[in-house]
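Residue-level listing of the chains:
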Amino acid sequence: MTDVSGAHADVLHTLFHSDQGGHEQVVLCQDRASGLKAVIALHSTALGPALGGTRFYPYATEAEAVADALNLARGMSYKNAMAGLDHGGGKAVIIGDPDTIKTEQLLLAYGRFVASLGGRYVTACDVGTYVADMDVVARECRWTTGRSPENGGAGDSSVLTAFGVYQGMRASAQHLWGDPTLRGRRVGVAGVGKVGHHLVRHLRDEGAEVVVTDVREDAVRRILDRHPQGVTAVADTEELIRVEGLDIYAPCALGGALDDGSVPVLTAKVVCGAANNQLAHPGVEKDLADRGILYAPDYVVNAGGVIQVADELHGFDFDRCKAKAAKIYDTTLAIFARAKEDGIPPAAAADRIAEQRMHDAARARGW
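The rules behind these values
- Residues numbered from 1 in each chain as written.
- Predicted model: local features only at pLDDT ≥ 70, side-chain atom pairs only at ≥ 80, totals over all residues.
- Heavy atoms only, no water.
- Salt bridge = Lys/Arg side-chain N within 4 Å of Asp/Glu carboxyl O.
- Helix = DSSP H or I, 4+ residues; strand = E, 2+ residues; numbered from the N terminus.
- Buried < 20%, exposed > 50% of the residue type's maximum accessible area, 1.4 Å probe, protein only.
- Pairing = 2+ DSSP bridges.
- Right-handed = clockwise from strand over helix to strand, strands pointing away.
- Contact = heavy atoms within 4.5 Å.
- Axes fitted to C-alpha atoms, helices over the stretch in contact; angles between N-to-C directions.
- Phe/Tyr/Trp six-rings, centres within 6.5 Å; stacked < 30°, edge-to-face > 60°.
- Lys NZ or Arg CZ within 6 Å of the ring centre and 35° of its normal.
- Disulfide = S-S within 2.5 Å.
- Expected span 1.5 Å × (residues − 1).
- Core = buried A, V, L, I, M, F, W, Y, C linked by side-chain atoms within 4.5 Å.

**Student:** What is the right way to read the pattern of salt bridges from this model?
**Tutor:** Oppositely charged side chains can pair when the atoms bearing their charge come close. Going through the model one piece at a time under the given rule, you end up with 20 salt bridges. A salt bridge links Arg357 to Asp86; the nearest nitrogen and oxygen atoms lie 3.4 Å apart. With Arg357 in helix H15 (residues 346-364) and Asp86 in the loop between helix H2 (62-82) and strand S5 (88-95), this residue pair connects regions lying 271 residues apart in the sequence. Its relative accessible area of 26% is what places Arg357 among the partly exposed residues. Salt-bridge contacts for Arg216 lead to Asp218; the nearest nitrogen and oxygen are separated by 3.2 Å. Salt bridges linked by common partners bring Arg55, Asp68, Lys91 and Asp126 together as one network.

**Student:** Looking at this model, I keep getting lost on the pairing of strand S8 (residues 209-213). Mind explaining?
**Tutor:** Within a regular strand, the side chains alternate between the two sheet faces. Of all 5 residues in S8, 4 are buried, a share of seventy percent or more. Alignment of strand S7 (residues 186-190) against S8, held across 5 bridges, turns out to be parallel. Paired with Val189 across the bridge in S8 is Val212. Between S7 and its parallel partner S8, the chain crosses via helix H7 (residues 196-206), and the hand of that crossover is right-handed. When S8 meets strand S9 (residues 231-233), the two strands line up parallel, connected through 3 bridges.

**Student:** Would you mind going over the sheet that holds S9 with me for this structure?
**Tutor:** Strand pairs in the sheet, formed through backbone hydrogen bonds, run parallel or antiparallel to each other. Taking strand neighbours across the sheet as the criterion, the 6 strands line up as S9-S8-S7-S10-S11-S12 in an open arrangement whose pairing is parallel. Looking along the sheet, the strands with just one partner apiece sit at the ends: S9 and strand S12 (294-295). In this structure, strand S11 (residues 270-271) lies alongside S12, joined through 2 bridges in parallel fashion. From the neighbouring strand, Val271 faces S12, where its bridge partner is Tyr295. Set on the sheet, H7 makes contact with S7, S8, S9 and strand S10 (248-251); between it and S7 the angle comes to about 170°.

**Student:** Sorry, what's going on with the packing of aromatic side chains here?
**Tutor:** A ring pair, where both rings are aromatic, is described by two values, the distance of the centres and the angle of the planes. Applying the stated criterion to the full structure yields 3 aromatic pairs. On the basis of an interplanar angle of 65° and a centroid distance of 5.7 Å, the ring pair of Tyr78 and Tyr299 is categorised as edge-to-face. Here Tyr78 is found in helix H2, whereas its partner Tyr299 is found in helix H11 (residues 298-301), with 221 residues between them in sequence. The pair Tyr78 / Tyr299 is uniform in exposure class, with both members buried. Across the ring face of Tyr130, the terminal group of Lys194 is positioned such that the distance to the ring centre comes to 4.6 Å.

**Student:** Help me understand the state of the cysteines in this model?
**Tutor:** Where two cysteines share a covalent bond between their sulfur atoms, that bond is called a disulfide. If you walk through the whole model with that rule in mind, you get 0 disulfides. Note on Cys252: no disulfide assigned, nearest cysteine sulfur contributed by Cys272 at a separation of 8.5 Å. Here Cys321 stays unpaired: no disulfide links it, and the sulfur of Cys125, its closest cysteine neighbor, is 15 Å away. Owing to a relative accessible area of 0%, Cys321 belongs among the buried residues under this scheme.

**Student:** Can you walk me through helix H6 (residues 158-177) in this structure?
**Tutor:** Each full turn of the α-helix corresponds to 3.6 residues, which orients residues three or four apart in the same direction. Counted at 1.5 Å a residue, the expected span for H6 with its 20 residues is 28 Å, and the 28 Å between its end C-alpha atoms agrees. For H6, the buried fraction is high: 14 of the 20 residues fall into the buried class. Where H6 ends, the next residue or the one after it, Gly178, has phi of about 80°, a positive value.

**Student:** Can you walk me through the nonpolar core in this structure?
**Tutor:** The nonpolar side chains of a soluble globular protein tend to be buried, and buried together. With 68 residues, the main nonpolar core has Ile40, Tyr110, Met169, Val189 and Leu199 as its most contacted residues. Among the elements that take part in this core, H6 stands out by supplying 7 residues, more than any other. For Met169, the contacting residues outside a window of four places in its chain are Leu182, Val187, Leu199, Leu203, Ile248, Ala250 and Cys272. Membership of the second largest hydrophobic core comes to 19 residues, among which are Val234, Leu240, Leu288 and Ile293.

In structure tokens, the structure reads:
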């Protein structure tokens, strides 16, 4: 269904009428010379300039790309608020297969669009984009983070993203089992790419048993070669979530991992992973709680990367960033405590805390 403008009505309804909307600005970008088609969504700038990465992905339709940008931008508002950053939430998506259409000309064109927003949006890496890409974008846009150290940046943010998820797992273990150690725990990691392979290293260093899967066989092979002991692989996520004796399930690929099909068969007692938007739809958080599964809100535990890129704007210091990311442990515990106090799932508790911070900031600005 479309409206008279040709835009998909579902997207317009989400933007203007649903609880998932409320975005300040959505920009559609096109550069025919390079083949660029992109969407930049700014959900909130109450806390400061919107900060979020650029996803490069072959969406089936433009409407799907817009919907993903809206969801991801909203998630960044909550993530940045819970991370204690003076940044609002934004996200960009570039439509297309990065393996076939990504060029320097396209990235430069994208950089010009980001620059046209005058600092309201600060971009970074995400699925399908890398440090080298941000170096190119930065040639046209000074509001670019995730650049290489050689170009004044902090480099790969997946290192601290994985570290933050690891801290969230430790907090989950402390809350559920009374001990933060992961030694002897069986952890299933779905997606061992940029973030997942660093997470596996943290888990093995502590003595956890790890089961992995990934749609890319080479990614799985890299993990098995690096960790010949204590790591096994299964064919796919459907098999992983059913592994007997699984203590923690870590979705580290694309969103929507927790849905009406996966939650009823999930064997793990904890869900804590790096993927954004893990809950496929409202109500899944209650389904998890009803099954006695502890959910560590994704945008809380995966905030290590955004902590890193935000610091890049002020002169990057890795030790300072790692210290901030380590506080994800305390933040996660505080959310579990709030959830218990209010009698609500952890995802709802995190939302309440983040929304209060954004509300207070907007009120202080007189908005």
